[in-house]
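Below, each chain spelled out in residue letters.
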Amino acid sequence: MKHLILQLLFSKTRQVLAKYHPAVVAVTGSVGKTTTKAAIAAVLAERFRVRASKGNFNTELGVALTVLGASEEPGRSPMAWLALLAKAHRLLASHDDAYPNLLVLEFGADAPGDMGKLCDL
């Protein structure tokens, strides 16, 4: 069941990205990703509507949560997961003029294939 919900979440995330077409700055590396991401977001926020990932939301799930505007991971709460999917649906069903036009995302890789999954998202 968890796998199915994640696949649905990732699908909705790709649809939101396709609908709103935000520019994306992806920060990766072995040291300093979170600090670099914060600095880039601070500078670009002077000119753009920016959303940056929270803390180290640098996994496939964390990136999806950032794209959808979630402030925290739903954890084990079925209601929180439903609320997140409902938020994604609302973003797709109508146009949100406040949606950021620039996303600053942190990409972390712990295993082979992780970076590819993040880029595919």
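Residues numbered from 1 in each chain as written. Predicted model: local features only at pLDDT ≥ 70, side-chain atom pairs only at ≥ 80, totals over all residues. Heavy atoms only, no water.

Visitor: Mind showing me how you'd approach helix α2 (residues 33–44) here?
Guide: An α-helix turns once per 3.6 residues; consequently, residues spaced three or four apart project the same way. End to end, α2 covers 16 Å across 12 residues, agreeing with the expected 16 Å (1.5 Å per residue, within 8%). All of the buried residues along α2 are Lys-33, Lys-37 and Ala-41. Projected down its long axis, α2 carries its buried residues within an arc of 60°, all on one side. Along α2, exposed side chains directed more than 90 degrees from the buried face belong to Thr-35 and Val-43. Buried-residue contacts for α2 involve β1 (23–27), β2 (50–52) and β3 (102–106). (Helix = DSSP H or I, 4+ residues; strand = E, 2+ residues; numbered from the N terminus. Expected span 1.5 Å × (residues − 1). Buried < 20%, exposed > 50% of the residue type's maximum accessible area, 1.4 Å probe, protein only. Arc of directions from axis to C-beta. Contact = heavy atoms within 4.5 Å.)

Visitor: It is not clear to me how the confidence of the model for the chain should be interpreted in this structure. Could you clarify?
Guide: Low pLDDT means the predicted atomic positions in that stretch should not be read closely. Per-residue pLDDT for the chain has a mean of 94; in total, 99% of the residues score no lower than 70. The secondary-structure element of the chain with the lowest mean pLDDT is helix α5 (residues 114–120), recorded at 88, while β2 shows the highest, at 98. (pLDDT = per-residue confidence, 0-100.)

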